[in-house]
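If you want the building blocks of each chain, they are given just below.
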Amino acid sequence: MKSILEVIKLNRLVSEWRENNNTIALVPTMGSLHSGHISLIKEAKILASKTVVSIFVNPIQFGRGEDYESYPSNIESDKKKLEKEEVDIVFIPDLKQLYPMGIDTDTRITVPYISEILCGQHRPGHFSGVATVVAKLLAACKPDFALFGKKDYQQYLVIKRMVSDLLIPTLIVGLPTQREKDGLALSSRNKYLSEVERKIAPKIYLSLQKASEIIRIGPSNFNNAKQELINELEAFGMKVEYFELRRATDLALPKNDEKSFVILIAVWLGKARLIDNIAIDL
Ligand code: PAF
């Protein structure tokens, strides 16, 4: 596995690969790799002949007072995991490589509507930060495929929309959320949970499963049941930021004849902001 720190070197290498008829898959990450990332890498290796994993903690997707400074990072242990998966390149740019003019005046990409609701409403500017850095990573790597976990379902849709609007010739692949045995969605931020909070955290997925059963009986029942489900979670010390039923394709409010839904939730548990979702096809 090669470690590449500079965009120009990555450009050169991927051009050589292309001349030799290789296909390329990119797995963008912020490091602190867990089994969720590894499942993306395994799929990337099935899809393409060359795999690139990027590690970059992107400052512009963090709001003021969020965990940019403390975001868990362990490059050496990440590299070992990537070697084991036989990744071809780990791309580890610094700030100057991705934001040559600095982060205050750089070009930003904004994906309208879908970026402003749910997580976007609570984290203004977050999805513009994500869309901007992903566009840069796609420009640097020119992959045929880029893979993302559907735990960040809204992020996945924002990126799909951005790539489609900007005519970027990369297929965005979303893979199912990886979970601990007790149902907790894998996330680098689970590291923020205390022992007691870790035991409580699986209630989030349990709650999504309950909501999903209610919707299967009739989607209109969700609104009546929602407050009770929120109260249950808050009785365990969580603060529910949102708990919403949306249309799966674009996160708009579902119409009466909707068949494909997603329920999305964000909660605070101690220092950790955790998100999860469940898809329902009727
Ligand atoms: O999901 C993440 O880890 C990040 O938001 C991403 C897609 C790597 C962009 O920084």
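Structural data are supplied above this passage.
One structure accompanies this document, and this report is about it. What you are looking at is a predicted structure, and each value in this text was computed from that prediction instead of being measured.

## Here's the deal with the overall build of the protein
In step 1: In terms of regular secondary structure, the protein is built from 10 helices and nine strands.
In step 2: Here the C-alpha atoms of the protein give a radius of gyration of 19 Å, agreeing with the 19 Å that 2.2 N^0.38 yields for 282 residues.
In step 3: The C-alpha extent of the protein, read off along each of the three principal axes, is 55 × 45 × 40 Å.
In step 4: The buried share of the protein, reckoned over its 282 residues, is 54%.
In step 5: For the protein, the proportion of contacts with a sequence separation of at least 24, taken over those separated by at least 6, is 72%.

## A short note on the pattern of salt bridges
In step 1: Counting across every chain of the model gives 17 salt bridges.
In step 2: Across the pair Glu6 and Lys9 runs a salt bridge whose closest N-O atoms are separated by 3.6 Å.
In step 3: Taking the shortest distance from any N to any O, the salt bridge between Arg123 and Glu66 comes out at 2.6 Å. In this pair, Arg123 sits in the loop between helix H5 (119-122) and helix H6 (126-141) while Glu66 sits in the loop between strand S3 (50-55) and helix H3 (75-84), placing the two residues 57 residues apart along the sequence.
In step 4: Taking the relative accessible area as the measure of exposure, Arg123 reaches 9% and is therefore buried.
In step 5: Connected through shared salt-bridge partners, Lys226, Glu244 and Arg246 make up one network.

## What to know about the packing of helix H9 (residues 203-217) against helix H10 (residues 222-235)
In step 1: It is at 10 Å that the axes of H9 and H10 come closest, and there the two elements cross at 165 degrees. In terms of orientation, H9 lies roughly antiparallel with respect to H10. Once H9 is placed against H10, the crossing between them reads as right-handed. Of the residues in H10, those in contact with Lys203, Ile204, Ser207, Lys210, Ala211, Ile214 and Ile215 of H9 are Phe222, Ala225, Leu229, Glu232 and Leu233.
In step 2: Classifying every residue of the contact of H9 with H10 by side-chain character gives eight nonpolar, one polar and three charged.

## Concerning the environment of Gly65
In step 1: By the secondary structure assignment, Gly65 is in the loop between S3 and H3.
In step 2: For the pair Gly65 and Lys259, spaced 194 residues apart in the sequence, the C-alpha separation amounts to 39 Å.

## Considerations on the site of the ligand
In step 1: Every residue close to the ligand is listed here: Pro28, Thr29, Met30, Asn58, Gln61, Val133, Phe148 and Gln155.
In step 2: Residue Gln61 places a side-chain N or O atom 2.6 Å away from an oxygen atom belonging to the ligand.
In step 3: In this structure, an oxygen atom belonging to the ligand sits 2.7 Å away from a side-chain N or O atom of Gln155.
In step 4: Out of a free accessible area of 290 Å², the ligand has 88% covered by protein chains.
In step 5: Here the residues of the shell around the ligand are counted per class, giving four nonpolar, four polar and no charged.

## Quick look at H9
Helical geometry: 3.6 residues make up each α-helical turn, so side chains three or four residues apart lie on a common side.
In step 1: The first and last C-alpha atoms of H9 sit 21 Å apart over 15 residues, in line with the 21 Å expected at 1.5 Å per residue.
In step 2: For H9, the set of buried residues is Ile204, Tyr205, Ser207, Leu208, Ala211, Ser212 and Ile215. For H9, the angular spread of the buried residues around the axis is 155 degrees, confining them to a single face.
In step 3: Tucked into the core, H9 has its buried residues touching H10, strand S7 (239-247), strand S8 (260-269) and strand S9 (272-281).

## Topic: the nonpolar core
In step 1: Core analysis: the largest hydrophobic core is formed by 48 residues, its most contacted members being Leu10, Val52, Phe91 and Leu251.
In step 2: Of all elements in the fold, only helix H1 (7-19), strand S2 (24-29), strand S4 (89-91), H6, strand S5 (145-149), helix H7 (153-165) and S8 reach the threshold of two or more residues within this core.
In step 3: Among the elements that make up this core, the one with the highest residue count is H6 (10 residues).
In step 4: Sequence-distant contacts of Val52, that is, excluding residues within four places in its chain, are made with Leu10, Trp17, Ile24, Ala25, Leu26, Val27, Ile89, Phe91 and Cys141.

## Some thoughts on the sheet that holds S7
In step 1: Taken in spatial order, the three strands of this open sheet run S7-S8-S9, and their pairing is antiparallel. Looking along the sheet, the strands with just one partner apiece sit at the ends: S7 and S9. With direction set aside, neighbouring strand axes in the sheet form an average angle of 10 degrees.
In step 2: Note that S8 and S9 share 10 bridges and pair antiparallel. When the sheet's bridge partners are listed, Val262 is paired in S9 with Ala279.
In step 3: Contacting S7, S8 and S9, H9 crosses the sheet at an angle of about 25 degrees to S9.
In step 4: Packing of H10 onto the sheet brings it into contact with S7 and S8, and relative to S7 it is tilted by some 155 degrees.

## Thoughts on the environment of Leu208
In step 1: Relative to the helices and strands, Leu208 resides in helix H9.
In step 2: For the pair Leu208 and Ile265, spaced 57 residues apart in the sequence, the C-alpha separation amounts to 8.0 Å.
In step 3: Not counting the four nearest positions on each side in its chain, Leu208 is found in contact with Phe243, Ile263, Ile265, Asp276, Asn277 and Ile278.

Calculation criteria
- Residues numbered from 1 in each chain as written.
- Predicted model: local features only at pLDDT ≥ 70, side-chain atom pairs only at ≥ 80, totals over all residues.
- Heavy atoms only, no water.
- Helix = DSSP H or I, 4+ residues; strand = E, 2+ residues; numbered from the N terminus.
- Rg over C-alpha atoms; globule rule 2.2 N^0.38 Å.
- Buried < 20%, exposed > 50% of the residue type's maximum accessible area, 1.4 Å probe, protein only.
- Contact = heavy atoms within 4.5 Å.
- Salt bridge = Lys/Arg side-chain N within 4 Å of Asp/Glu carboxyl O.
- Axes fitted to C-alpha atoms, helices over the stretch in contact; angles between N-to-C directions.
- Parallel < 35°, antiparallel > 145°, perpendicular 65-115°, else oblique.
- Left-handed = near helix turned anticlockwise from the far one by under 90°.
- Nonpolar A, V, L, I, M, F, W, Y, C, P; charged D, E, K, R; others polar.
- Near = heavy atom within 4 Å.
- Polar contact = N/O pair within 3.5 Å; in protein donor to acceptor, adjacent residues only side chain to side chain.
- Areas by Shrake-Rupley, 256 points an atom, 1.4 Å probe, with all protein chains shown as cover.
- Expected span 1.5 Å × (residues − 1).
- Arc of directions from axis to C-beta.
- Core = buried A, V, L, I, M, F, W, Y, C linked by side-chain atoms within 4.5 Å.
- Pairing = 2+ DSSP bridges.

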